[in-house]
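# Per-entry structural report
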Amino acid sequence: SRETADLDTVLVPSVRALFYVQNAQRNAEFMAHDRLTHVWLNHGDSDKPANFNERHANYDVLVVCGQAGIDRYARHGIEVDPAKFVILGRPQASGIMPASARPASPARPTVLYAPTWHGLDPAVDFSSLEKGPDIVRALLARDCVVIFRPHPLSIRWRVRRTVVREIRAMLRDDRAETGRRHVTGRTAEKSWSVVDCANHADALISEVSSVVSDLLQ
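Residues numbered from 1 in each chain as written. Predicted model: local features only at pLDDT ≥ 70, side-chain atom pairs only at ≥ 80, totals over all residues. Heavy atoms only, no water.

## Here we look at the nonpolar core
Counting 17 residues, the largest nonpolar core has Y20, W40, Y59, L62, Y73, V80 and F85 as its most contacted members. Of all the elements in the fold, those that place two or more residues in this core are β1 (17-20), β3 (61-64) and α3 (67-75). Sequence-distant contacts of Y73, that is, excluding residues within four places in its chain, are made with W40, N51, F52, N53, H56, L62, I78, V80 and F85. Within the second largest apolar cluster, 14 residues are counted, among which are V111, L140, V146 and L171. (Core = buried A, V, L, I, M, F, W, Y, C linked by side-chain atoms within 4.5 Å. Buried < 20%, exposed > 50% of the residue type's maximum accessible area, 1.4 Å probe, protein only. Helix = DSSP H or I, 4+ residues; strand = E, 2+ residues; numbered from the N terminus. Contact = heavy atoms within 4.5 Å.)

This is how it looks when you write it as structure tokens:
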């Protein structure tokens, strides 16, 4: 096909490896180039099914955060050659500042609400976003400052986009009324990284998500 021909022109002889952060079925078109090393990086670490897909066994190298990432495959009956695994750790979380002691309960805690993506299949929908307005209202009732960081894919779906906009508006209105310095919109979703959000928060509300794994740091 034309797309395959275009791919052949891009994969010049000096290219030795390809790195994959999303497990699309069409990755197989790249993986057909068997002179290359195909490395599965993923884009997070959690117990979501996306972290133990049987197609991962087709990659030449699987980079995982630790032994638990290896054990996860076996626990779900997926056989992967042990020699393919490379344990890297989670460098993305290295900037999260660990607590030096058990934190005291602040009078006005800052809570990061970071709902995950709902996925393409209801069987893997772990997101709380559709209940998000209720969650945020409860936080405001407890005099919390809220950092709201929805998954970036959520705004691609009309229903979820509507909820995201509702929560943003709720926080803007509350800030204007009470002076609580909520963080939402471009600052929370673009200017700040997950690490920045974590370092400004006293607590996290999320679901089965790599955000939880990272904030355990």
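## Looking at the sheet that holds β1
Spatially, the four strands line up as an open sheet ordered β1-β2-β3-β4, and their pairing is parallel. The sheet is open, and its two borders are formed by β1 and β4 (85-87), each paired with just one other strand. Adjacent strand axes in the sheet meet at a mean angle of 25 degrees, parallel and antiparallel pairs treated alike. Direction of pairing for β1 relative to strand β2 (residues 37-40): parallel, over a ladder of four bridges. Within β2, the position partnered with Y20 by the bridge is W40. (Pairing = 2+ DSSP bridges. Axes fitted to C-alpha atoms, helices over the stretch in contact; angles between N-to-C directions.)

## Structural notes on the pattern of salt bridges
Counted according to the given criterion, the structure contains eleven salt bridges. Between E189 and R168 there is a salt bridge, with its nearest N and O atoms 2.8 Å apart. In this pair, E189 is assigned in helix α6 (residues 186-191) and R168 in helix α5 (residues 158-178), connecting sequence segments 21 residues apart. Each member of the pair, E189 together with R168, is buried. D174 is the salt-bridge partner of R180, the closest N and O atoms lying 2.8 Å from each other. The residues R180 and D174 share a single accessibility class, namely buried. (Salt bridge = Lys/Arg side-chain N within 4 Å of Asp/Glu carboxyl O.)

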